[in-house]
Amino acid sequence: MVTNKTFTMLKPDSVEKGNIGGIVEKITASGFRIVAMKLTQLTKADAEAFYAVHSERPFYGELVTYMTRGPIVAAILEKENAVEDFRTLIGATNPAEAVEGTIRNMFADSISENAVHGSDSDENAAIEGAFHFSGREMF
Ligand code: UDP
Ligand code: MG
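My aim in this report is to walk through the structure given alongside it, one point at a time.

**With respect to the site of ligand 1**
Then, in step 1: In the neighbourhood of ligand 1, the contacting residues comprise Lys11, Tyr51, His54, Phe59, Leu63, Arg87, Thr93, Arg104, Ile111, Ser112 and Asn114.
Then, in step 2: The contact in question runs from an oxygen atom of ligand 1 to an N or O atom on the side chain of Lys11, over 2.9 Å.
Then, in step 3: Arg87 has a polar side-chain atom sitting 2.8 Å from an oxygen atom of ligand 1.
Then, in step 4: Protein coverage of the free-state accessible area of ligand 1, which is 500 Å², stands at 81%.

**What to know about the packing of aromatic side chains**
Then, in step 1: Evaluation of the coordinates by the stated rule reveals 3 aromatic pairs.
Then, in step 2: On the numbers, 5.4 Å between centres and 85° between planes, the contact of Phe32 with Phe86 is edge-to-face. Here the residue Phe32 occupies a position in the loop between helix H2 (20–29) and strand E2 (33–40), and Phe86 occupies one in helix H5 (residues 82–90), the gap between them amounting to 54 residues. Across the pair, Phe86 and Phe32 agree in class, each one buried.
Then, in step 3: Aromatic pair Phe50 and Tyr51: ring centres 5.0 Å apart, planes at 70°, arrangement edge-to-face.
Then, in step 4: Residue classification places Tyr51 among the buried positions, given a relative accessible area of 7%.
Then, in step 5: Taken together through their ring pairs, the aromatic side chains of Phe7, Phe50 and Tyr51 make up a single cluster.

**Some remarks on the pairing of strand E3 (residues 72–78)**
Then, in step 1: For E3, the tally of buried residues reaches 6 of 7 residues, placing the bulk of the element in the interior.
Then, in step 2: Taken together, the 7 bridges between E2 and E3 define a ladder with antiparallel strand orientation. Its bridge partner lying in E3, Leu39 is registered against Val73.

**Notes on the pairing of strand E1 (residues 5–10)**
Then, in step 1: Most of E1 is tucked away, with 5 of its 6 residues classed as buried.
Then, in step 2: Bridge analysis of E1 against E3 gives 6 bridges, and the strand direction is antiparallel. In the strand pairing of E3, Thr6 is matched with Leu77.
Then, in step 3: With 3 bridges connecting them, E1 and strand E4 (residues 116–118) associate as antiparallel partners. Across the sheet, residue Leu10 finds its bridge partner in E4, namely Val116.

Conventions and cut-offs
- Residues numbered from 1 in each chain as written.
- Chains lettered and ligands numbered in written order.
- Predicted model: local features only at pLDDT ≥ 70, side-chain atom pairs only at ≥ 80, totals over all residues.
- Heavy atoms only, no water.
- Near = heavy atom within 4 Å.
- Polar contact = N/O pair within 3.5 Å; in protein donor to acceptor, adjacent residues only side chain to side chain.
- Areas by Shrake-Rupley, 256 points an atom, 1.4 Å probe, with all protein chains shown as cover.
- Phe/Tyr/Trp six-rings, centres within 6.5 Å; stacked < 30°, edge-to-face > 60°.
- Helix = DSSP H or I, 4+ residues; strand = E, 2+ residues; numbered from the N terminus.
- Buried < 20%, exposed > 50% of the residue type's maximum accessible area, 1.4 Å probe, protein only.
- Pairing = 2+ DSSP bridges.

Structure (structure tokens):
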């Protein structure tokens, strides 16, 4: 089923550096409506499950440590073509390759600490959003 929603996390580096406001401004200025949003923190089990697809990759352990070290902002965003348009807005995984003006180009330091998550499919957007938010937290 195709939806018009995506899921994002402003990762611990973004919260630590005081970039919540700057990133949210970019997101809303780009036409995304905030459906749900909260400050929360992933447990080790949460991060391991969230990134299970990468469990055999050499960076998996560091990724779990990074993603659990402090609070994140979790959010569901709505826009026509949300998943694809949000991936365009955040830019390449490696900020050194991210197009000028993208969120990772502006706010990320490295391929590992890259500021934001964006769902890679409608199916994963729905799974990831439902993991963080109950129906009464979505507007
Ligand atoms: N990552 C990393 N090293 C790599 C590739 C990815 O530390 O060589 C981290 C990075 O935080 C990235 C996350 O693992 O955002 C998930 O990787 P994926 O390839 O799914 O990138 P994304 O979908 O976030 O662009
Ligand atoms: Mg990914």
